[in-house]
There are 2 protein chains.
Amino acid sequence: MHSPAELATQFRSMGRKLTPQRQLIFSLLHNNETHPTAENLYGIASAQMPGISLRTVYQTLNELAEMGELQLIDLGEGGMRFDPNVDDHHHAVCGVCGKIRDVHVKGAASLKPNDAGDFMVSDVGVVFRGKCSDCESRAVKRSPVLQAKVSKK
Amino acid sequence: MHSPAELATQFRSMGRKLTPQRQLIFSLLHNNETHPTAENLYGIASAQMPGISLRTVYQTLNELAEMGELQLIDLGEGGMRFDPNVDDHHHAVCGVCGKIRDVHVKGAASLKPNDAGDFMVSDVGVVFRGKCSDCESRAVKRSPVLQAKVSKK
DNA sequence: GTCTAATTTGCAAGTCTTGCTAACTAACAA
DNA sequence: TTGTTAGTTAGCAAGACTTGCAAATTAGAC
C-alpha cells in the first residue's frame, strides 16, 4: 500500500474527497502487519475517532482493495482480512494463536498444477498452517514435564 | 472419502444411525469432483428426497469433515465447499466459470516459508487462480476477430 | 460564504451457517 | 412383531459478517 500522503494525493486526483475518516484508516493500515479484519480496524479507529461507523470502514477498505492497495485474505475463519502488503508474498497461519504472518516463498511462482489440462495460471497463493515460534516456545514452557522440573527446585 | 458402504459401517460402529438422509448424502458425495457447497448438495438431494432439510445436509457434511472424510475449502466466495477427495492435493480456480479443479503439485510439500522464523509447518495449501481450458477455448471461439472471419465465409 | 457532488451514518436486509427443540426413527432386545 | 430409547431430522430463529439504501453531512471548488 502507498503511504497515507500518497493515497491522499491519489484520492484527490480521482476527484474523491479526503475525509478525516479516510485519513485515519490510511494511517491505521500503514505498515500494519496484523492482517486485521474490518471489525479490528473499526475498534481501533473508534478509539481515535468516536462515532466513525463500521460501514465507513468497510467502504474505505473496499475502495482501497479495488485500487489494488490492499490484498484481501480469506482463510475461512468467518471474516475477510486486509493486508496492506501487496508484494508477491504468501501467508503462514498459526493454528494456536491465529496470527497470520507474511512470508516469502522461494519457488512459489514457478509452481504448476500437474494435471489440470491447459489451465492458464495467473496467480498462485500458498498458505502454510502450523504453529508459530511464539506458541511453540509457550508450549514448551508450560509442558507438564518442565513444570514438574521447575517445581522441584 | 470412503465409499458409501464403508461409511455406513463406520457410522454404525460408532453407535450412530444410518439414516436414508445420510445414505443419500454419502452417495451424492461419492466420486464427486464438483466441490459443491452445502446448498448445491441440498438442491440435488431435495430432488431425490423431497423434504430433506438444509440443516441435515450441513450437519452430515460437518460430521464427515470431523471424521476426516471431507476436506473443507473456503475460497472467499461466500460459502464453504466440500471436497470428498482428501488426498494430498491442491486447487485450481477458474476466474471465469468459477469451477474448481483438483490438481497435484510437484514440490508443494517441500515449500518452506522463507522468513517466518521457526514457524512449524504442518500443512501447505496451494491455490492457483486463472482460466480453465474450457473458458479459454470458449473465449477464442467468441473473440470478435474470429467471429469476423467466420462471418466472411 | 455558497454550492454541489461525494461521503458518512445508521439501519435494514441478505447470505451463510449454527443453536435449539419437538417430533421422528433406526437399531436392538424380547 | 412390538416396545424402548438414544440418535436424528426438520424448521425456525438467531448469529456473524457484509452490503444496500436514503437522509444528513461535508470536502473541495468558485
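Scoring rules and cut-offs
- Residues numbered from 1 in each chain as written.
- Chains lettered and ligands numbered in written order.
- Predicted model: local features only at pLDDT ≥ 70, side-chain atom pairs only at ≥ 80, totals over all residues.
- Helix = DSSP H or I, 4+ residues; strand = E, 2+ residues; numbered from the N terminus.
- Rg over C-alpha atoms; globule rule 2.2 N^0.38 Å.
- Buried ≥ 20, exposed ≤ 12 C-beta atoms within 10 Å, placed from the backbone.
- Near = placed C-beta within 6 Å.
- Nonpolar A, V, L, I, M, F, W, Y, C, P; charged D, E, K, R; others polar.
- Domains from an automatic or database assignment.
- Contact = placed C-beta atoms within 7 Å.
- Core = buried A, V, L, I, M, F, W, Y, C linked by C-beta atoms within 7 Å.
- Axes fitted to C-alpha atoms, helices over the stretch in contact; angles between N-to-C directions.
- Parallel < 35°, antiparallel > 145°, perpendicular 65-115°, else oblique.
- Left-handed = near helix turned anticlockwise from the far one by under 90°.

## Quick word on the overall build of chain A
Across its full length, chain A carries six helices and five strands. Walking chain A from its N terminus toward its C terminus, one meets helices and strands in the order α-α-α-α-β-β-β-β-β-α-α. Taking 2.2 N^0.38 as the reference for a compact globule, 153 residues should give roughly 15 Å; the C-alpha atoms of chain A span a radius of gyration of 20 Å, well beyond that estimate. Each principal axis of the C-alpha distribution contributes one length, and for chain A these read about 70 × 50 × 25 Å. A buried classification covers 26% of the 153 residues belonging to chain A.

## Things to note about the protein's contact with DNA strand C
In the region of DNA strand C, 26 residues are neighbours, and Arg16(A), Thr19(A), Thr56(A), Leu18(B) and Met80(B) sit closest. Of all the secondary structure elements, the ones that give two or more residues to the surface near DNA strand C are helix 2 (20–29) and helix 4 (54–66) of chain A together with helix 4 (54–66) of chain B. In terms of residues, the surface near DNA strand C owes the most to one element, helix 4 of chain A, which gives four residues. Broken down by class, the residue content of the surface near DNA strand C amounts to six nonpolar, 13 polar and seven charged.

## Thoughts on the domain arrangement of chain A
Residues and elements named next belong to chain A. Here chain A is partitioned into domain 1 (1–86) and domain 2 (87–153). For domain 1 and domain 2, the distance between their C-alpha centres works out to 26 Å. If you look at the interface, domain 1 gives seven residues, while domain 2 gives six residues. Of the residues assigned to the side of domain 1 that touches domain 2, the class counts are three nonpolar, two polar and two charged.

## Overview of the protein's contact with DNA strand D
Inspection of the region around DNA strand D gives 27 residues, with Leu18(A), Met80(A), Arg16(B), Ser53(B) and Thr56(B) positioned closest. Every element with two or more residues in the surface near DNA strand D is listed here: helix 3 (38–48) and helix 4 of chain A together with helix 2 (20–29) and helix 4 of chain B. For the surface near DNA strand D, the element with the most residues is helix 4 of chain B, which contributes four residues. Across the surface near DNA strand D, the residue classes tally to six nonpolar, 13 polar and eight charged.

## Digging into the nonpolar core
Ranked by internal contacts, the top residues of the largest apolar core, which has 26 residues, are Ala92(A), Val126(A), Phe128(A), Ala92(B), Val126(B) and Phe128(B). In contact with Phe128(B), other than residues within four places in its own chain, are Pro113(A), Phe119(A), Val121(A), Val124(A), Ala92(B), Val93(B) and Val103(B).

## Some thoughts on the packing of helix 2 of chain A against helix 3 of chain A
All names here are of chain A. Between helix 2 and helix 3, whose axes approach to 10 Å, the crossing angle comes to 120°. On the basis of their axis angle, the class for helix 2 and helix 3 is oblique. Between helix 2 and helix 3 lies a crossing whose hand is right-handed. Listed contacts from helix 3 to Leu 24, Ile 25 and Leu 28 of helix 2 are Leu 41, Ile 44, Ala 45 and Gln 48. When the residues that make up the contact of helix 2 with helix 3 are grouped by side-chain class, the tally is six nonpolar, one polar and no charged.

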